[in-house]
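An overview of the molecular structure
Listed below, chain by chain, are the residues.
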Amino acid sequence: MNRIIGIGNALVDVLVRLENDAQLQHLGLAKGGMQLIDGEQQLRLAQELEQWHPTRATGGSAGNAMLALANLGTHPGFVGRVGDDNMGNFFTENCRTVGIEARLIGQGGATGVANTFISPDAERTFATYLGVAGKLAAEDITPDLFEGYDILHIEGYLVQDHALIRRICEVAKDLGMTTSIDLASYNVVRENLSVLRDLVTRYIDIVFANEEESAAFTEGKNPEEALHEIGSLARWAVVKVGKRGSLGMTDGRKVCVPGRSLDVVDTTAAGDFFAGGFLYALSRNGNLEQCLRMGSLLSQHIIQVVGTRLDEQTWEEIRCEAEKIINN
């Protein structure tokens, strides 16, 4: 089995389930948006949230994908930057507990926090304090960070630092690694389109995108058209289309896996778990259909709970189903 490591923003997810959207208005947050906040705002928000009894978990897009892989028994790795504080200690210890090899770069300062507010209709609103997570830099990236791993999964938000993501891709290519990227956010794609297209053309093997992200990457194309365009640049292209399922392409061959109608509780990490499931199947030499089915399996489970924690019984059921998918 090929070993997988992720790199991205090392964030602690602080999750709050709202009774109504008036609480968002009270906090000055636009429903469904992602707002970056500074250190002072984070301190005030943390004090406010205590009365709502939030839950905590290790987060960040790539971190969530590695969490899914760890629960599937693959012992993945994760590269990111944390601070020397309680949140940083929580992130490190939680990685150890769930089975992620944390190759963390420490720095004085505060660990990043993704404050996540879940509305009654399952819509998510974010107030994100990047802290030192956002200070991961090109000079931090050395080959030894990825030593012992075969597949590198890159968080798309890192494209905002062009020197950093280019260095990551160059090191991975020199090491002969297979690289994947989750495009992360349509606005990030739109603002960094030329850089992203160059990276995908030159370095990236696998591209994960949702409908909005694929449209941004291809400047307005529908999912089918976007799949073909991305598939002409990368070895594997994946476009997720929500309840309708997912589309994939490799070597000119297209596969569609239908979705399921489910009660959605929280869409946090749905795309991240999809990537984790897909990469799990790929690491076991799965074909494109098996990879898409594994991605769907994980994303369908995670949207039925708040946050990124599934109980062990559920994971056991997922692992059994995974074996059927891989061996079918």
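Structure report, in brief. (Residues numbered from 1 in each chain as written. Predicted model: local features only at pLDDT ≥ 70, side-chain atom pairs only at ≥ 80, totals over all residues. Heavy atoms only, no water.)

1. Quick notes on the overall build of the protein
- From N to C terminus, the protein includes 12 helices and 14 strands.
- By the compact-globule yardstick of 20 Å for 328 residues, the protein fits well, its C-alpha radius of gyration being 18 Å.
- Projecting the C-alpha coordinates of the protein onto the three principal axes gives extents of approximately 50 × 45 × 40 Å.
- The proportion of buried residues among the 328 residues of the protein is 56%.
- In the protein, of all internal contacts separated by at least 6 residues, the share reaching a separation of at least 24 is 75%.
- For the protein, the exposed surface amounts to about 14000 Å²; the carbon and sulfur share of it is 45%.
- Between the averaged position of the 29 positive side-chain charges in the protein and that of its 44 negative side-chain charges there is a distance of 4 Å. (Helix = DSSP H or I, 4+ residues; strand = E, 2+ residues; numbered from the N terminus. Rg over C-alpha atoms; globule rule 2.2 N^0.38 Å. Buried < 20%, exposed > 50% of the residue type's maximum accessible area, 1.4 Å probe, protein only. Contact = heavy atoms within 4.5 Å. Areas by Shrake-Rupley, 256 points an atom, 1.4 Å probe, with all protein chains shown as cover. Lys, Arg positive; Asp, Glu negative; His and termini not counted. Charge placed at Lys NZ, Arg CZ, Asp CG, Glu CD.)

2. Points about the environment of Gly112
- Mapped onto the secondary structure, Gly112 falls in strand β7 (residues 112-118).
- A relative accessible area of 0% means that Gly112 is categorised as buried.
- Counting along the chain gives 148 residues from Gly112 to Arg260, while the straight-line C-alpha distance between them is 34 Å.
- Leaving out residues up to four positions away in the same chain, Gly112 has contacts with Ala10, Leu11, Val12, Tyr129, Leu130 and Gly131.

3. Regarding unusual backbone geometry
- Located in the positive-phi region is Glu219, a residue other than glycine, with phi close to 55°.
- On the basis of relative accessible area, Glu219 is assigned to the exposed category, the value being 69%.

4. A short note on the packing of helix α10 (residues 270-283) against helix α11 (residues 288-302)
- Across the interface, α10 lies against α11 with an axial gap of 7 Å and an inter-helix angle of 145°. The handedness of the crossing between α10 and α11 comes out as right-handed. Where α10 approaches α11, its residues Ala270, Phe273, Phe274, Gly276, Gly277, Phe278, Tyr280, Ala281 and Leu282 are matched on the opposing element by Leu288, Gln290, Cys291, Leu292, Met294, Gly295, Ser296, Leu298, Ser299 and Ile302.
- Tallied by class, residues from the contact of α10 with α11 come to 13 nonpolar, six polar and no charged. (Axes fitted to C-alpha atoms, helices over the stretch in contact; angles between N-to-C directions. Left-handed = near helix turned anticlockwise from the far one by under 90°. Nonpolar A, V, L, I, M, F, W, Y, C, P; charged D, E, K, R; others polar.)

5. A word on the packing of aromatic side chains
- Here the structure, examined in full by the defined rule, presents four aromatic pairs.
- Aromatic pair Phe208 and Phe278: ring centres 5.2 Å apart, planes at 90°, arrangement edge-to-face. Here Phe208, found in strand β11 (residues 206-210), pairs with Phe278, found in helix α10; they are 70 residues apart in sequence, far enough to count as distant. Both residues of the pair, Phe208 and Phe278, belong to the buried class.
- Pairwise contacts between aromatic rings join Phe208, Phe274 and Phe278 into one cluster.
- Here Arg56 stacks its cationic end above the ring of Phe90, 4.4 Å away from the centre of that ring. (Phe/Tyr/Trp six-rings, centres within 6.5 Å; stacked < 30°, edge-to-face > 60°. Lys NZ or Arg CZ within 6 Å of the ring centre and 35° of its normal.)

6. Some details on the pairing of strand β12 (residues 236-240)
- The buried fraction of β12 is high, at five of five residues.
- Here β12 shows no split at all, with Trp236, Val238 and Lys240 on one side and Ala237 and Val239 on the other all buried.
- Summarising the sheet, β11 and β12 pair through five bridges and their orientation is parallel. If you follow Ala209 over to β12, its bridge partner there is Val239.
- As judged from the five bridges shared by β12 and strand β13 (residues 246-250), these two strands associate in the antiparallel manner. Among the inter-strand pairings, Trp236 is bridged to a residue of β13, identified as Thr250. (Pairing = 2+ DSSP bridges.)

7. Quick word on the pattern of salt bridges
- One pass over the structure, following the stated rule, counts 15 salt bridges.
- For Lys221, the salt bridge identified is with Glu229, shortest N-O distance 3.0 Å.
- On the basis of relative accessible area, Glu229 is assigned to the buried category, the value being 17%.
- The salt bridge partner of Glu316 is Arg319, with a shortest N-O separation of 3.3 Å. Taken together, the positions of Glu316 and Arg319, both in helix α12 (residues 312-327) and three residues apart, correspond to about one turn of that helix.
- Connected through salt bridges with shared partners, the residues Asp21, Lys31 and Asp121 form a single ionic network. (Salt bridge = Lys/Arg side-chain N within 4 Å of Asp/Glu carboxyl O.)

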